[in-house]
Amino acid sequence: MRLGLALSLAIATAIGTFTTSAQAETVLRFAHTQPTSDSHHLAAERFAKLVAERTKGEIKVEVHPAGELGSDPATLEGVRLGTIDIGQTGNPFYTRFAPRLNALDLPFLFANAEHAYRVVDGDIGKALLGDLEAKGMKGLAFWEIGFRKVTNNKRPIRTVADLKGLKIRTTPNPAHVKAFQLLGAIPTPMAFTEVYMALETGTVDGQENPLNIIRSNKFQEVQKFLSFTDHAYTVSIVSMNLRKFKALTPEQQKILLDAAHEAAVYQRGLNRDQAASDLKTIKDAGTAVNEDVDREALKKAIYEPVKKDYTDQFGTELIEKIEALR
């Protein structure tokens, strides 16, 4: 009888210990739409590793790449509602929730990458991420998409006139749409997961993204020309469901924030280091590369009009602060 009682107590203790241990592990699903060869995925894996190490296994981040959990808009809706814990996508997809973020996508706003980092990693960036909380999301960090370049199947882009009549897939950002309208192109926003097929079938003539995105999504397979327009710099944002973030301990919250920023620095470094090989891959696929672009003429045609649209809505203070950091 005593043996049976002792055995029962031992089993109960073991079950209790297992339950406590199981409950202690928090699993967070991290969704993005880029392929596993892209720097965003490699950074997401780095983020997951840092979180696991620093929480001593209390938090496990499961990374779901390549649109496994849905398109960019679906990912953000999932983060907002809590069906997805963490999401990463380009800033233009966040702007419908926090329209002040449109400032970061103004064409020719950033002088170079270092200027962009000073803005998004400082007080301006923190304030803009704070806007997401009203929509149920906690901004963890700004990652990087980079300086955008135009690819198409019609001709190289050297002057403003070369863009006339081209049907270009753009982000849904109003500044991007208006910029291409001003340049005489036909901007065509669509889900990123649909872009390759649209290029392949001729639904659109081209698209605009940085080298790493072009290469990792194999757009060079279905595009004849790449031009270094560098017309806009785009950040991506890593965000978390706000309720789930607040449910973590202060120490765990800090670990996630620090890990997201460290992964940002890592991801930006990957983009720099891979730029030459990305370009070689694109050239080797037969895409003609043109670096001789009259960017000053492009800027003259679009910068002031798209900036005015923004400042008419939100005032001049934010843009002036960003310009002052050049």
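Everything that follows concerns the structure shown earlier in this document.
A few points on the structure. Just so it is clear, the structure is predicted and the values come from calculations on it, not from any experiment.

**Here's the deal with empty space enclosed by the protein**
Reasoning step 1: Under the counting rule described, the total for this entry stands at two cavities of 30 Å³ or more.
Reasoning step 2: Size it by volume and the largest cavity reaches roughly 170 Å³.
Reasoning step 3: Counting only elements with at least two residues in the lining of the largest cavity, the list comes to β3 (86-90) and α4 (91-94).
Reasoning step 4: When residues in the lining of the largest cavity are grouped by element, the largest group, three residues, is from β3.
Reasoning step 5: Broken down by class, the residue content of the lining of the largest cavity amounts to five nonpolar, 10 polar and three charged.
Reasoning step 6: Considered as a void within the structure, the second largest cavity measures approximately 50 Å³ in volume.
Reasoning step 7: Residue lining of the second largest cavity: Val150, Leu163, Ala179, Phe180, Leu183, Thr229, His231, Leu298 and Ile302, and that is the complete set.
Reasoning step 8: Partitioned by chemical class, the residues of the lining of the second largest cavity number seven nonpolar, two polar and no charged.

**Things to note about the environment of Thr201**
Reasoning step 1: Considering the arrangement of structural elements, one finds Thr201 in helix α8 (residues 195-201).
Reasoning step 2: Considering only alpha carbons, one finds Thr201 and Val222, 21 residues apart in sequence, at a separation of 9.0 Å.
Reasoning step 3: Separated by 3.4 Å, the side chain of Thr201 and the backbone oxygen of Ala198 make a polar contact.
Reasoning step 4: Within the structure, the side chain of Thr201 is placed 2.9 Å from the side chain of Thr203, a separation counted as a polar contact.

**Topic: the pattern of salt bridges**
Reasoning step 1: Inspection of the entire model under this criterion finds 18 salt bridges.
Reasoning step 2: The salt bridge involving Lys321 is made with Glu317; its shortest N-O contact spans 3.3 Å. Placement of the pair is Lys321 and Glu317 together in helix α13 (residues 317-324), with a separation of four residues, close to one helical turn.
Reasoning step 3: On the basis of relative accessibility, which here comes to 44%, the residue Lys321 falls in the partly exposed class.
Reasoning step 4: Exposure remark for Glu317: the relative accessible area of 52% places this residue in the exposed category.
Reasoning step 5: Within this structure, Glu77, Arg80 and Arg96 form a network of salt bridges that share partners.

**Structural notes on the pairing of strand β2 (residues 59-64)**
Reasoning step 1: The pairing of strand β1 (residues 26-31) with β2 spans six bridges and is classified as parallel. Opposite Phe30, over in β2, you have Val63 as the bridge partner.
Reasoning step 2: For the segment spanning β1, helix α2 (residues 39-54) and β2, crossover handedness is right-handed.

**Quick look at helix α5 (residues 113-120)**
Reasoning step 1: Extensive coverage of α5 is indicated by the burial of six of its eight residues.
Reasoning step 2: Considered for burial, the residues of α5 that qualify are Ala113, His115, Ala116, Tyr117, Val119 and Val120.

**Description of the sheet that holds strand β5 (residues 149-152)**
Reasoning step 1: Spatially, six strands are ordered β7-β6-β8-β5-β9-β11 in an open sheet, and the strand pairing comes out mixed. For this open sheet the edge positions go to β7 (186-187) and β11 (288-290), each flanked by a neighbour on one side alone.
Reasoning step 2: Two elements, strand β6 (residues 167-169) and β7, share two bridges in a ladder whose sense is parallel. If you follow Ile168 over to β7, its bridge partner there is Pro187.

**Examining the packing of aromatic side chains**
Reasoning step 1: Taken as a whole and assessed by the stated rule, the structure comprises six aromatic pairs.
Reasoning step 2: Plain terms: the ring middles of Tyr310 and Phe314 are 4.7 Å apart, the flat faces sit at 35 degrees to each other, and that makes the pair tilted. With Tyr310 and Phe314 both in helix α12 (residues 295-314) and four residues apart, the pair spans about one turn of that helix.
Reasoning step 3: Here the aromatic residues Phe30, Phe47 and Trp143 are joined through ring pairs into a cluster of three or more.
Reasoning step 4: The ring of Phe228 carries the charged tip of Lys149 above its face, separated from the ring centre by 4.9 Å.
Reasoning step 5: Positioned above the aromatic ring of Tyr303 is the side chain of Lys299, whose terminal nitrogen or guanidinium carbon lies 5.5 Å from the ring centre.

Cut-offs and rules
- Residues numbered from 1 in each chain as written.
- Predicted model: local features only at pLDDT ≥ 70, side-chain atom pairs only at ≥ 80, totals over all residues.
- Heavy atoms only, no water.
- 1 Å grid on protein atoms, 1.4 Å probe; cavity = no way out; pocket = protein on both sides within 12 Å on 5 of 7 lines; lining within 4 Å.
- Points joined across faces, edges and corners; volume = space filled by probe spheres on them.
- Helix = DSSP H or I, 4+ residues; strand = E, 2+ residues; numbered from the N terminus.
- Nonpolar A, V, L, I, M, F, W, Y, C, P; charged D, E, K, R; others polar.
- Polar contact = N/O pair within 3.5 Å; in protein donor to acceptor, adjacent residues only side chain to side chain.
- Salt bridge = Lys/Arg side-chain N within 4 Å of Asp/Glu carboxyl O.
- Buried < 20%, exposed > 50% of the residue type's maximum accessible area, 1.4 Å probe, protein only.
- Pairing = 2+ DSSP bridges.
- Right-handed = clockwise from strand over helix to strand, strands pointing away.
- Phe/Tyr/Trp six-rings, centres within 6.5 Å; stacked < 30°, edge-to-face > 60°.
- Lys NZ or Arg CZ within 6 Å of the ring centre and 35° of its normal.

Shape descriptors only; they carry no functional weight alone.
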